[in-house]
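# Breakdown of the fold
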Amino acid sequence: SKVGSALLSTIRAYADTTDNPGVYALAQIPAPATPGPVPPPGQPYELSVGLAATGALALRWKCDNPSGATGTVYEVQRRIGTGPFQFVEVAGERAFEDVTIPAGSSNIVYQITAVRGKARGPAAQFLVNFGVGGVTAAAIQDGEIKLAA
């Protein structure tokens, strides 16, 4: 009923504002369950690439994060040729434009990690190839290139 629902809301609000969980026992209702920790972020997948009008490389990906998780950002690193991974950007959404690719680059490996506070999801690596047919992307899993189906 609306009256019962309103009464429960009032009791919960009073318990929260007075920081007194004993209010639930006095009202003879169960206290709400303590929420458990939110699991770490997911692993990025399905990278798509294209060239922006500015000439930058536009990257987009998907990432399934836990329900109730907020504040997830994406750490983007890249390796050009056989060099080491270098930090590029922290993206606030599942997209990023790389405007600092050196001229003449033929392939780049991007490593993208979802981060929320101190929780880090598994990193994902993607090979981006600049070829005659345009720009293509493929996932790297267990050291092997997995072309999109």
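Presented here is an overview of the structure given in this document. These figures come from a predicted structure and were not determined experimentally.

We now examine the pattern of salt bridges. A complete count under the given rule lists three salt bridges for this structure. With a shortest N-O distance of 2.7 Å, Asp98 and Arg78 are connected by a salt bridge. With Asp98 in strand 5 (residues 95-98) and Arg78 in strand 3 (residues 73-80), the pair connects residues that are 20 residues apart, well separated along the chain. Each member of the pair Asp98 and Arg78 is classed as buried.

The subject of this paragraph is the sheet that holds strand 2 (residues 57-62). What the three strands build is an open sheet, ordered 1-2-5; its pairing is antiparallel. Among the strands making up the open sheet, the edge pair consists of strand 1 (45-51) and strand 5. On average, each strand axis in the sheet is tilted by 20 degrees relative to the strand beside it, whichever way the strands run. Inspection of the sheet shows strand 1 paired to strand 2 by five bridges, in the antiparallel sense. Pairing of Val49 across the sheet is with Leu59, part of strand 2.

Of note, Glu46 is a non-glycine position whose phi angle comes to about 50 degrees, a positive value. The topology assignment puts Glu46 in strand 1.

Leu47, Leu59, Trp61, Tyr74 and Tyr110 are the most contacted members of the largest nonpolar core, which totals 17 residues. The biggest single contributor to this core is strand 6 (residues 107-116), with four residues. When near neighbours in sequence (up to four residues on either side) are disregarded, Leu59 contacts Leu47, Ser48, Val49, Arg94, Ala95, Phe96, Asp98 and Tyr110.

Here we take up the packing of aromatic side chains. The final tally for this structure, using the stated rule, is one aromatic pair. When the centroid spacing of 5.6 Å and the interplanar angle of 70 degrees are considered together, the rings of Trp61 and Tyr74 count as edge-to-face. Remark: Tyr74 occurs in strand 3 and Trp61 occurs in strand 2; sequence separation between them is 13 residues. The exposure class assigned to Trp61 is buried, which follows from its relative accessible area of 5%.

Following the sequence through the fold, Thr100 ends up in the loop between strand 5 and strand 6. The class for Thr100 is partly exposed, based on a relative accessible area of 48%. Sequence separation between Thr100 and Ala56 is 44 residues; the distance between their C-alpha atoms is 7.8 Å. At a separation of 3.0 Å, a polar atom in the side chain of Thr100 contacts the side chain of Arg78. At a separation of 3.1 Å, a polar atom in the side chain of Thr100 contacts the side chain of Asp98.

What counts and how
Residues numbered from 1 in each chain as written. Predicted model: local features only at pLDDT ≥ 70, side-chain atom pairs only at ≥ 80, totals over all residues. Heavy atoms only, no water. Salt bridge = Lys/Arg side-chain N within 4 Å of Asp/Glu carboxyl O. Helix = DSSP H or I, 4+ residues; strand = E, 2+ residues; numbered from the N terminus. Buried < 20%, exposed > 50% of the residue type's maximum accessible area, 1.4 Å probe, protein only. Pairing = 2+ DSSP bridges. Axes fitted to C-alpha atoms, helices over the stretch in contact; angles between N-to-C directions. Core = buried A, V, L, I, M, F, W, Y, C linked by side-chain atoms within 4.5 Å. Contact = heavy atoms within 4.5 Å. Phe/Tyr/Trp six-rings, centres within 6.5 Å; stacked < 30°, edge-to-face > 60°. Polar contact = N/O pair within 3.5 Å; in protein donor to acceptor, adjacent residues only side chain to side chain.

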